[in-house]
Amino acid sequence: MQSPMLTANSANAGALQPGPVMAWMLLIWQHRVLYLMLLPFAALTLTFGLWPIALSILVSFTENQTALSDAATYVGLENFQAVIADPEFRHSLSLTLLYTALSVVLNLSLALALALALSGPTLKRGATFYKLALFMPVVTPEVATFIVWKWMLNQDFGAVNAALSSLGLPAFAGTTKADSAFIALVIVELWHHVGFYTVVFLTNLQLLDASLDEAARMDGAGRARRIWSIWIPQLRPAIAINSLYALISFLKTFTAVIVITKGGPNFATNFVSYYAYTKFDLAQYGKATAMATILFVIVLALTLLVHLYSERKDYR
Amino acid sequence: MSAMRRLGPLIANLAMTALALMFLYPFYWLIVSSFRSQEAMLVNPLRLMPESFDLAAYTSIRLVGGVPIEVYSFNSMLITVLATVLAVATTALGAYALYRRPHLPGFKFVQFGFLLTMMYPAMLLVIPVYLVMFRIGLLGTYAGLVMFLALQPILFLMFSQFFRSIPRDLMDSAKMDGASEWQVLTRVVLPIAQPVVNTVFLIGFLLNWKQWLPILVVAASPDRYTLPVALLAMNTEYGINFQSTMALAALTTAPIVVLFLLTQRRVIGGFVAGAVKG
């Protein structure tokens, strides 16, 4: 029973072999115009996206001295072991995760609060101006605005401390102390990003089903109760998108660090992307790319989680 | 009770206005500071008007790091415009092809690969990009910079979003009538795409203007730097001069602020369209 079946199968497979390939070629030929349209985009993505990523991951398995030469020595997981054994990396990773968690929660809750306020009738008249003010930091060049913040946090003549003292509040140590430097970055990046998340929430709020809210109101539900049970569930698309963008951008926080704190003081803001960058500067390419790869995997995993949340069936 | 009812909205508006002004304040502080010396700042950090419109800082940045400011401005303009034009053309065609037939062999791979590049830490992608540029002989060239900057996820997402909003029937009926895929694009899609193309171009311009890291790494010498890169170099390398830094920061920011003020509705709407469901 065994052998006839097998021969029949393999004979069949042999006969079918040219079929799929021909069908493929035909399909590609039929849609050659679409392939031509995709070509420039695909070429850019391959050359300046996937190739560098592959190269970078490859380098993470090579020895530092030979990493960039044609005859690289592969050392397996040595760089990853070294990076994970490095106490400063573990510190840097926990800082990055703490910073991301704090920033995501702060940005999204402030953005949601602002969007709820702006969507109501009370602030209608000034809404254009308010949105403009919140969104301006999103589009202006970060290098410039972060430099402005760096000087505004200056201890001698910065506007932040001058304003605090004129209100009778204690001074803010800014970038001179570990804790305050961390908080300063959270605040500056909040200023930079929150407008984006706010307008995404606002757009979602405008698409809400008003009849549900009306029905709940009829049943005597208060505003807070309606926000919690009627609005928030309907805001799931915006929550998912915002968390996704926020996770990706805060995990990779870099410009603010290089401009404002340079990882200091005393490594208090030495986030993974910046730490890896300094390793690059020291020509420790293997370690730097190993760190980048670890960060990449974390971003991918968290992105997947958020994606699952947004696709989850609604049990309500 | 009625006084409360009137007072509530007033307080809400005042609070929101205060917050909005706080958000705008750094821009204001930037402009004012560019006219004020460090000594004057020390005396009164919060002064709302400069003592005098002292243009010393602006004349001091005629040369930054030995390169005339015009060169940086020219580079900014050239690289931003070319990268944006290339981005609009390639992402529009790419997003269109991927939208029309997402299941053709290889198409999913391109789409997935593109989304993957979005998640890789950009600052570390730039170093391997340096190697890639070196291998294909584009290191330090405008062409290399422009091609790298043309990959902008949000622009792609904006186009995808737009194509999805076109009724499929419109294209399918044109196809039925014997139009080729190219004719569907040029006769059915492009005529209604003008507003989207404009918005994508605008947002691409804003985003490319602020790019700095790829340019810093890929540019072989300072005479390829753009304004933000020159500014960053000033912040770190050339010895920190507060007033000159503010003047250069003001020059880097001003064109974007003006452009945004003129087009804010379109820009904000476009960002949201790109963000929503990629």
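Bear in mind that the values here come from a model prediction, so they are computed numbers and not experimental data.

(A) Examining the overall build of chain B more closely. Assigned secondary structure in chain B consists of 13 helices and two strands. In terms of overall dimensions, chain B has a C-alpha envelope of 75 × 70 × 30 Å along the principal axes. Relative to its full complement of 278 residues, chain B shows a buried share of 52%. In chain B, the share of contacts with a sequence separation of at least 24, taken over all contacts with a separation of at least 6, comes to 71%. In the structure as shown, chain B presents an accessible area of about 12,300 Å², 69% of it carried by carbon and sulfur atoms. Looking at charge distribution, chain B has the averaged site of its 18 positive side-chain charges lying 12 Å from that of its 10 negative ones.

(B) Focus on the packing of helix α7 (residues 142-152) of chain A against helix α9 (residues 178-206) of chain A. Residues and elements named next belong to chain A. Their axes nearest at 11 Å, the elements α7 and α9 cross at an angle of 140°. What the angle tells us is that α7 and α9 run oblique. Crossing handedness for the pair α7 and α9: right-handed. Residue-level inspection shows Glu142, Thr145, Phe146 and Trp149 of α7 in contact with α9, the latter providing Val188, Glu189, Trp191 and His192. Each residue belonging to the contact of α7 with α9 can be placed in one class, and the counts come to four nonpolar, two polar and two charged.

(C) View of the domain arrangement of chain B. Residues and elements named next belong to chain B. Along its sequence, chain B is carved into domain 1 (1-54) and domain 2 (64-275). For domain 1 and domain 2, the distance between their C-alpha centroids amounts to 34 Å. With twelve residues of domain 1 in contact, the opposing surface of domain 2 contributes eight residues. When residues of domain 1 are sorted by the area they lose upon contact with domain 2, Leu30, Ser34 and Gln38 head the list and together hold 53% of the total.

(D) Just unusual backbone geometry, in detail. All names here are of chain A. With a phi angle near 55°, Asn266 is a residue other than glycine that sits in the positive phi range. Mapped onto the elements of the fold, Asn266 is located in the loop between α13 (255-261) and α14 (272-281). Residue classification places Asn266 among the exposed residues on the basis of a relative accessible area of 70%. At Ala283, a residue that is not glycine, the phi angle is positive and equals roughly 65°. Relative to the helices and strands, Ala283 is located in the loop between α14 and α15 (285-311).

(E) Inspection of the confidence of the model for chain A at higher detail. Residue and element names in this part refer to chain A. Across chain A, the average pLDDT comes to 85, with 92% of residues at 70 or higher. Here helix α1 (residues 2-16) is the element of chain A with the lowest mean pLDDT, 45, and helix α5 (residues 87-119) is the one with the highest, 94. Contacts from residues 1-15, a stretch scored under 50 in pLDDT, to residues over four places away or in other chains number zero contacts.

(F) Structural view of the interface of chain A and chain B. Listed by partner, the interface residues are 90 residues for chain A and 96 residues for chain B. Of the roughly 8,600 Å² buried between chain A and chain B, counting both surfaces, carbon and sulfur atoms make up 83%. Where chain A packs against chain B, one counts one salt bridge. Of the charged contacts, one joins B:Lys210 and A:Glu142 as a salt bridge, the two residues approaching to 3.1 Å between their closest N and O atoms. The interface formed by chain A and chain B holds ten residue pairs in polar contact (both at pLDDT 80 or more) in total. Of the residues forming the side of chain A that touches chain B, the biggest block, 20 residues, is contributed by helix α3 (residues 32-59) of chain A. Of the residues in the side of chain A that touches chain B, the class split is 65 nonpolar, 17 polar and eight charged.

(G) Representation of the packing of aromatic side chains within the structure. In the structure shown here, the tally under the stated rule is 33 aromatic pairs over all chains. Measuring from ring centre to ring centre gives 6.2 Å for A:Phe48 and B:Phe148, while their planes differ by 65°; the resulting arrangement is edge-to-face. Of this pair, A:Phe48 sits in helix α3 while B:Phe148 sits in helix α7 (residues 142-149), which puts the two residues in different chains. In this pair, the class of A:Phe48 matches that of B:Phe148, namely buried. Ring centres 6.1 Å apart and planes at 80° place the aromatic pair A:Phe196 and B:Phe271 in the edge-to-face group. Linking A:Phe196 in helix α9 with B:Phe271 in helix α13 (residues 242-275), this pair reaches from one chain into another. An aromatic cluster is present here, built from A:Phe135, A:Phe196, A:Tyr197, A:Tyr245, B:Phe260 and B:Phe271 joined pairwise through their rings. Above the face of the A:Trp29 ring, A:Arg32 is positioned so that its terminal group lies 4.3 Å from the ring centre. For the cation-ring pair, B:Arg224 lies above B:Tyr142, with the distance from its terminal atom to the ring centre recorded as 4.0 Å.

(H) Focus on helix α5 (residues 107-119) of chain B. For α5(B), spanning 13 residues, the distance from its first C-alpha to its last is 19 Å, which sits close to the expected 18 Å at 1.5 Å a residue. Among the residues of α5(B), those classed as buried are B:Phe107, B:Val110, B:Gly113, B:Phe114, B:Leu116, B:Thr117, B:Met118 and B:Met119. Where the residues of α5(B) are buried, they touch α3, α12 (236-251) and α15 of chain A together with α4 (69-100) and α8 (153-165) of chain B.

Calculation criteria
- Residues numbered from 1 in each chain as written.
- Chains lettered and ligands numbered in written order.
- Predicted model: local features only at pLDDT ≥ 70, side-chain atom pairs only at ≥ 80, totals over all residues.
- Heavy atoms only, no water.
- Helix = DSSP H or I, 4+ residues; strand = E, 2+ residues; numbered from the N terminus.
- Buried < 20%, exposed > 50% of the residue type's maximum accessible area, 1.4 Å probe, protein only.
- Contact = heavy atoms within 4.5 Å.
- Areas by Shrake-Rupley, 256 points an atom, 1.4 Å probe, with all protein chains shown as cover.
- Lys, Arg positive; Asp, Glu negative; His and termini not counted.
- Charge placed at Lys NZ, Arg CZ, Asp CG, Glu CD.
- Axes fitted to C-alpha atoms, helices over the stretch in contact; angles between N-to-C directions.
- Parallel < 35°, antiparallel > 145°, perpendicular 65-115°, else oblique.
- Left-handed = near helix turned anticlockwise from the far one by under 90°.
- Nonpolar A, V, L, I, M, F, W, Y, C, P; charged D, E, K, R; others polar.
- Domains from an automatic or database assignment.
- Buried area = accessible area lost by both parts, 1.4 Å probe.
- pLDDT = per-residue confidence, 0-100.
- Salt bridge = Lys/Arg side-chain N within 4 Å of Asp/Glu carboxyl O.
- Polar contact = N/O pair within 3.5 Å; in protein donor to acceptor, adjacent residues only side chain to side chain.
- Phe/Tyr/Trp six-rings, centres within 6.5 Å; stacked < 30°, edge-to-face > 60°.
- Lys NZ or Arg CZ within 6 Å of the ring centre and 35° of its normal.
- Expected span 1.5 Å × (residues − 1).

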